[in-house]
Structures are given as C-alpha cells and as structure tokens.
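Residue-level structure breakdown
Residue strings, one per chain:
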Amino acid sequence: MANAASGMAVHDECKLRFLELKAKRTYRFIIFKIEEKQKQVVVEKVGEPAQSYDDFAASLPVNECRYAVYDFDFVTEENCQKSRIFFIAWSPDTSRVRSKMIYASSKDRFKRELDGIQVELQATDPTEMGLDVIRSRAG
C-alpha cells in the first residue's frame, strides 16, 4: 500500500474512521499524522459529534503539519440542512521544512484513499481555515 512518490503507507484505521464519519456520522472530525519512522499516515485524534469547530481547530498543533477531515453541518439559504466533508492540509509556517515537504508530497495519495471528500483547504495559519472560510466554501 506504499506510495512510490513519497513512500507513505496509509494505515487501515484511517480509512475505517473516515467511513464511519462519512456514513454513520460517528465523528465530527479526524486528525491524521504522518509517523515518519513507520512511514505511514495514522489517526491521531477523533472528535465526537457534539464537539465544535473551535474544539477541532484547537486540536491542530501550532508548529506541526497534519491532515484533517471535518464534517461541517450548515443550513442553506433555502433553509435546508446540509453537510460537507472538508479535507484540510494543515501546514503551519512554523513547522519544519522537511515535515512540510513530506505532507505536501503525500497529500494527493492520502486524499484519494478517503473517498467522499467534498471540499479541500490548504492552511498555513488559523485564519486560512476559520469558520468564515469553511462557511464560504461549503455552499
């Protein structure tokens, strides 16, 4: 299951947790990290459905890259309840250059494993993935 470009494998739990979020709405968010020593993407944290966007944002490390999936619920102008699954590539300016390179080179391969992503965001600081940005991209 390794990726020839970056050598990163995707742990089965990543796909399993994503399917649970997508199909059963078991989680509000999932944060994934790359274990460089094992050369694989693993689940670092899951957020319960009752957790807020602020809880999600606070779960991302300030100085380290991560991938994240967030299930955003919203109401349209026509008053319809909708949901969008966001994939967020979190790559803060303060993270290590090597880490940014590994996350960037592994992103597309990892994202393909998660069938059902509806919106993708790339964020280098919290303002690039604020709730206002999420709302504007969801519609």
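Quick note: structure is the one above.
So, here is what we can say about the structure in this document. Predicted, not measured: the structure shown is a model, and the values here were computed from it.

Moving on: the packing of aromatic side chains. Overall, the coordinates contain eleven aromatic pairs when judged by the stated rule. Seen from their ring centres, Tyr67 and Phe87 are 5.7 Å apart, and the 35 degrees between their planes marks the pair as tilted. Linking Tyr67 in strand 4 (residues 66-75) with Phe87 in strand 5 (residues 81-90), this pair joins segments that are 20 residues apart in sequence.

Our next topic: the pattern of salt bridges. Following the criterion strictly, the structure yields 13 salt bridges and no others. One salt bridge in this structure joins Arg66 and Glu44, with 2.8 Å as the shortest N-O distance. Of this pair, Arg66 sits in strand 4 while Glu44 sits in strand 3 (residues 40-47), and the two are 22 residues apart along the sequence. Accessibility expressed as a relative area gives 34% for Glu44, which makes it partly exposed. Where salt bridges share partners, they join Arg25, Arg28, Asp71 and Asp73 into one cluster.

What counts, and where the lines are drawn
- Residue positions are given per chain, counted from 1 along the sequence in the order it is written.
- Given that the model is predicted, a residue must reach a pLDDT of at least 70 before its local features are reported, and side-chain atom pairs must reach 80 or more before they are shown or counted; all residues, however, enter totals for whole chains, interfaces and linings.
- Think of the side-chain values as coming from all heavy atoms in the structure, minus any hydrogens and water.
- Pairing of aromatic rings covers Phe, Tyr and Trp, the last through its six-membered ring, and needs centres within 6.5 Å; plane angles under 30 degrees mean stacked, over 60 mean edge-to-face, and all others mean tilted.
- Each helix corresponds to a stretch of at least 4 residues labelled H or I by DSSP, and each strand to a stretch of at least 2 residues labelled E; elements are numbered beginning at the N terminus.
- Salt bridges are identified by distance alone: a Lys or Arg side-chain nitrogen within 4 Å of an Asp or Glu carboxyl oxygen.
- Burial here depends on accessible area, computed with a 1.4 Å probe over protein chains only, as a share of the maximum for the residue type. Under 20% is buried, over 50% is exposed, and the range in between is partly exposed.

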